[in-house]
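Structural features, examined
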Protein chains: 2
Amino acid sequence: MNVNIFLFEDFETLDAFGPIEILGKIDTYKLKYYSLNGGIIMSTQGTSIITEKVETATKGGILVIPGGKGTRTLVNDSQLLQALKEAAELSNYCLSVCTGSALLAKTGLLDNKKATSNKKAFDWVASVNSSVNWIRSARWVVDGKYYTSSGVSAGIDMTLGFIKDRFGEQEAKDIANHIEYIWNEDCSKDVFAKEG
Amino acid sequence: MNVNIFLFEDFETLDAFGPIEILGKIDTYKLKYYSLNGGIIMSTQGTSIITEKVETATKGGILVIPGGKGTRTLVNDSQLLQALKEAAELSNYCLSVCTGSALLAKTGLLDNKKATSNKKAFDWVASVNSSVNWIRSARWVVDGKYYTSSGVSAGIDMTLGFIKDRFGEQEAKDIANHIEYIWNEDCSKDVFAKEG
């Protein structure tokens, strides 16, 4: 199964590379890096990453959408949103981190679905589409094929939750142990929600 | 101050991008990506990153060395080790994650210094240079300008510890809170040490 990571200018580095680290531990997952037009994409932390054009991505698989500063303007970019919508519709599973859920919400694909986002930007994300059932206190939220997480590091916890749902709890724990990560495995426990 | 990230083929993605996420939150830090010969470097998780030649790096600053599968052969690459040694000697601070400390140990710069590494590979790392005072149970270890951490995720904790040492505890906590990361702030508490 392909893991298609959808990047854009000014994405938050760890939003993408937390889930990538976890998903990369599954031998049958093949990680591929995409963007709207392909070419070099730079994160907010100055990492220049080589991507392919998203329309060349294989159908199916797992779509990963990071958040970050870039989302603030991209929620108004109809071309990007259309490409994201098509990629998300074609995916078997769709995982967003932080304000990545703002982009996904703007496509309409989260309408009437439960979703979350990071706490520092929650009010803005929720304002993007009020038809989404936004969950303010959650480390991550699952609704059908859509997994949305809170800020940055929560993406690591969500992706371990995704691995648990696909391969069982032991596999998730083995990966967490391998990367010496103390997994916050209760998706409803959100210590940052009260600080938003 | 420059943050010079030293990459090589088959580095572990999160080893680099955990610290990068944290260090990128300091406005006065400028993040730059280097490798022995410059050009495109691919992580074990298939991320293609554009780098510059390490000999062009500015003197001083913070050197970041990830670990990963690539280190297993690179401990025998005298050209890479020489370049790493020069970069580390020129740095004000030097932070390694996971088996990155094996490379650093092989340069001789950790001789008679305390250091750690990840638990799954600890015996191998320790065998690379027995003149290092290897600490088996530690989330991370500081000795002078050298910070070495345990596996993958421990690099995030270590880098927050580094921020605390430079800017105070509140700054480290503010960054952890901003990225919704539950910081394991006690460097001596290592729940993975017993599982190695």
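Numbering of residues begins from 1 in every chain and follows the order in which that chain's sequence is written. By the order in which they are written, chains take letters starting at A while ligands take numbers starting at 1. pLDDT decides what is reported in this predicted model: residues at 70 or higher carry local features, side-chain atom pairs at 80 or more are listed and counted, and totals for whole chains, interfaces and linings draw on all residues regardless. Hydrogens and water molecules were not included; the side-chain quantities draw on all heavy atoms of the structure.

**Some remarks on the UniProt feature "domain: DJ-1/PfpI" (unreviewed entry) in chain A**
- UniProt positions are given in the numbering used here, feature names are shortened, and annotations may be inferred rather than shown by experiment. Summarizing the sequence annotation, UniProt attributes the feature "domain: DJ-1/PfpI" (unreviewed entry) to residues 2-164 of chain A in the numbering used throughout.
- We count a stretch as a helix when DSSP gives it H or I for four or more residues in a row; a strand needs E for two or more, and each element gets its number in order from the N terminus. Annotated as 33% helix and 25% strand, the span residues 2-164 of chain A places its first and last C-alpha atoms 18 Å apart.

**Focus on the relation of the copies chain B and chain A**
- Mapping chain B onto chain A leaves a residual RMSD of 0.0 Å; the transformation is a rotation of 180° accompanied by 0.0 Å of translation along its axis. As the rotation angle and translation indicate, the two copies are arranged about a two-fold axis. Residues of chain B ranked by C-alpha distance from the rotation axis are headed by B:Ile49, positioned 2.4 Å from it.
- Here 100% of the contact residues of chain B are again contact residues in chain A; the copies associate through an equivalent surface. In this comparison the copies share one frame, found by least squares on the C-alpha atoms of residues holding pLDDT of at least 70 in both. The contact criterion used is simple: two residues touch if any of their non-hydrogen atoms lie within 4.5 Å.

**What to know about the nonpolar core**
- By nonpolar core we mean a set of buried residues, namely Ala, Val, Leu, Ile, Met, Phe, Trp, Tyr and Cys, connected to one another through side-chain atoms within 4.5 Å. Note on classification: 1.4 Å probe, protein chains only; a residue is buried when its accessible area is under 20% of the maximum for its type, exposed when over 50%, partly exposed between these limits. Core analysis: the largest hydrophobic core is formed by 132 residues, its most contacted members being A:Tyr29, A:Leu103, A:Ile163, B:Tyr29, B:Leu103 and B:Ile163.
- Ignoring sequence-local partners within four residues, the contact set of A:Tyr29 consists of A:Met1, A:Val3, A:Leu23, A:Ile62, A:Phe162, A:Ile163, A:Arg166 and A:Phe167.

**Points about the environment of B:Gln45**
- Tracing the backbone through its elements, the reader meets B:Gln45 in the loop between strand 3 (39-42) and strand 4 (48-53).
- For B:Gln45, a relative accessible area of 3% corresponds to the buried category.
- Sequence separation of B:Gln45 and B:Thr116 is 71 residues, and the distance between their C-alpha atoms is 24 Å.
- Setting aside residues no more than four positions away along its own chain, B:Gln45 makes contact with A:Ile20, A:Glu21, A:Gly24, A:Lys25, A:Leu31, A:Tyr33, B:Phe11, B:Glu12 and B:Thr13.
- Polar contacts involving the side chain of B:Gln45 include one to the side chain of B:Thr13, which spans 2.4 Å. Each polar contact in these results corresponds to two N or O atoms within 3.5 Å; when the atoms are within protein, one needs to be able to donate a hydrogen and the other to accept it, and residues that are neighboring in sequence are counted only if both atoms are side-chain atoms.

**So, the environment of A:Gly39**
- Along the polypeptide, A:Gly39 turns up in strand 3 (residues 39-42).
- Residues within four places of A:Gly39 in sequence aside, it is in contact with A:Ile49, A:Ile50 and A:Thr51.

**Some remarks on the interface of chain B and chain A**
- Of the residues lining the interface, 39 residues belong to chain B; the matching set on chain A comes to 39 residues.
- Accessible area, probed at 1.4 Å, shrinks when two parts are joined; the buried area is that loss added up over both. Note on chain B versus chain A: buried area summed over both sides is about 3,200 Å², and carbon and sulfur give 58% of it.
- The largest contributions to the chain B side of the interface with chain A come from B:Gln45, B:Glu180 and B:Phe192, which together make up 21% of the buried area.
- Criterion for a salt bridge: a side-chain nitrogen of Lys or Arg within 4 Å of a carboxyl oxygen of Asp or Glu. Here chain B and chain A share two salt bridges between them.
- Measuring nitrogen to oxygen at the nearest pair gives 2.6 Å for the salt bridge that ties A:Glu12 to B:Lys25.
- On inspection of chain B and its partner chain A, the count reaches 18 residue pairs in polar contact (both at pLDDT 80 or more).
- The element contributing the most residues to the side of chain B that touches chain A is helix 1 (residues 13-23) of chain B, with six residues.
- The residue classification treats Ala, Val, Leu, Ile, Met, Phe, Trp, Tyr, Cys and Pro as nonpolar and Asp, Glu, Lys and Arg as charged. All others, Gly included, are polar. Among the residues forming the side of chain B that touches chain A, the class breakdown is 17 nonpolar, 14 polar and eight charged.

**Digging into helix 7 (residues 169-178) of chain A**
Residue and element names in this part refer to chain A.
- Buried within helix 7 we find Ala172, Ile175, Ala176 and Asn177.
- Where the residues of helix 7 are buried, they touch helix 1 (13-23) and helix 6 (154-167).
- Where helix 7 ends, the next residue or the one after it, Glu180, has phi of about 50°, a positive value.

**Brief notes about the packing of aromatic side chains**
- Centres within 6.5 Å are what make two rings of Phe, Tyr or Trp a pair, Trp counting through its six-membered ring; a difference in plane orientation under 30 degrees is then read as stacked, over 60 as edge-to-face, and the rest as tilted. Within the structure shown, the criterion is met by 13 aromatic pairs over all chains.
- An angle of 50° between the planes, with centres 6.5 Å apart, marks the rings of A:Phe11 and A:Phe17 as tilted.
- Classification of A:Phe11 by relative accessible area gives buried; the value is 0%.
- The positively charged end of B:Arg72 is found above the aromatic ring belonging to B:Trp124, 4.3 Å away from the centroid. Definition used: whenever NZ (Lys) or CZ (Arg) falls within 6 Å of the ring centre and also within 35 degrees of the ring normal, the charge is taken to sit over that ring.

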